[in-house]
Amino acid sequence: MSLLVVGSVAFDDIETPFGKSDKIVGGAGTYIALAASYFTEKLGIVSVVGDDFPKEMIDLMHQKNIETDGLQVKEGEKSFFWAGRYHNDMNSRDTLVTELNVLADFDPVVPESYKNCEFLMLGNLTPAVQMRVIEQLPNRPKMVVLDTMNFWMDIALDELKAVLKKVDVLTINDEEARQLSGEYSLVKAAKKIIEMGPRFLVIKKGEHGALLFNADKEVFFAPALPLEEVFDPTGAGDSFAGGFIGYLAHTKDISFDNMKRAIIFGSAMASFCVEKFGTEKLQNLSQQEVDERVQEFIDLVQFDISLVND
Ligand code: AMP
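Note that this is a predicted model, so its numbers are computed, not measured.

The next subject is the site of the ligand. Close contacts around the ligand come from 20 residues, with Ser8, Asp12, Gly27, Gly235 and Asp238 the closest. Asp12 has a polar side-chain atom sitting 2.4 Å from an oxygen atom of the ligand. Contacts to the ligand include Trp152, whose side-chain N or O atom sits 3.4 Å from a nitrogen atom. Coverage of the ligand by the protein chains reaches 93% of its 510 Å² of free accessible surface. Those elements giving two or more residues to the shell around the ligand turn out to be β2 (10-16), α1 (28-36), β6 (80-86), α4 (150-155) and α8 (236-251). When residues of the shell around the ligand are assigned to their parent elements, the largest contribution, three residues, is made by α8. Classifying every residue of the shell around the ligand gives 10 nonpolar, seven polar and three charged.

What follows is the structure, encoded as structure tokens:
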């Protein structure tokens, strides 16, 4: 197994200034796995759903070469449910409902065939569950990436800090970086967070792109693609994470230079995600569309320049 993805597989109810989705399939793990499936030949997901979760979605995962042996289906129980409403700028949102349901007492079981995964993506989920997955792996993967959110900082900060000591890369948004570090400056925040454990930190800034920091104080910035229409930002961060780790798992190169490329692939997958409600856009992309999108990023930031004093 090249890549193991852990994260919520869920129902979402999303409201944006452009419309309302009603109950649709979402979840951090779903977005990550779909986005990563464009890069890796073999990936497996560890998560839990109730018996209300649609079989068609599990079939779709199989079509995308996502193995679901680690996806537990709990009879008579309900899947995780999250509802959110976006503000007019589409960059910020309010969480209206978080019903943990099957996630409340989820005990992840990593199937034997996933235990030697080279890359591990710990998507947004209870930090204690993220830790239990790490503990089940006999060998440390080549790279462990963790995504989380303010919800877990509010209710499980100690568990989150414990799992941060075990990962290589943390991906969070700017508000969460400020909350976790207590620093307003993102540069100071990055320094403090890197001292907590991860060697790399990715700070996602929505439509303003993403920053990558390392322990040597190097920084890289990737813009977000200016899009004519942003329909639904839900899952953008997870799609970013999926593209990022998917590309790293595909290239097996974890140098800082290759991580910069991975940030661009992640940004490309996030740009697709927001163009439709939920996971719709991520379900049916061609490799050509992915390549063309990455080319748009290259064109966006490429320029010739000579320094005045050269
Ligand atoms: P993002 O927009 O990238 O932050 O991801 C949104 C997805 O995260 C939605 O599909 C939700 O189902 C999922 N989600 C929201 N809150 C949580 C939570 N507390 N734990 C795990 N997943 C969550």
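After presenting the structure, the write-up continues.
Mapped onto the secondary structure, Thr171 falls in strand β10 (residues 169-173). Its relative accessible area of 0% is what places Thr171 among the buried residues. Within the structure, the side chain of Thr171 is placed 2.6 Å from the side chain of Asp147, a separation counted as a polar contact. If we ignore the near neighbours within four places in the chain, the residues touching Thr171 are Val145, Leu146, Asp147, Thr148, Val202 and Lys204.

Calculation rules
Residues numbered from 1 in each chain as written. Predicted model: local features only at pLDDT ≥ 70, side-chain atom pairs only at ≥ 80, totals over all residues. Heavy atoms only, no water. Near = heavy atom within 4 Å. Polar contact = N/O pair within 3.5 Å; in protein donor to acceptor, adjacent residues only side chain to side chain. Areas by Shrake-Rupley, 256 points an atom, 1.4 Å probe, with all protein chains shown as cover. Helix = DSSP H or I, 4+ residues; strand = E, 2+ residues; numbered from the N terminus. Nonpolar A, V, L, I, M, F, W, Y, C, P; charged D, E, K, R; others polar. Buried < 20%, exposed > 50% of the residue type's maximum accessible area, 1.4 Å probe, protein only. Contact = heavy atoms within 4.5 Å.

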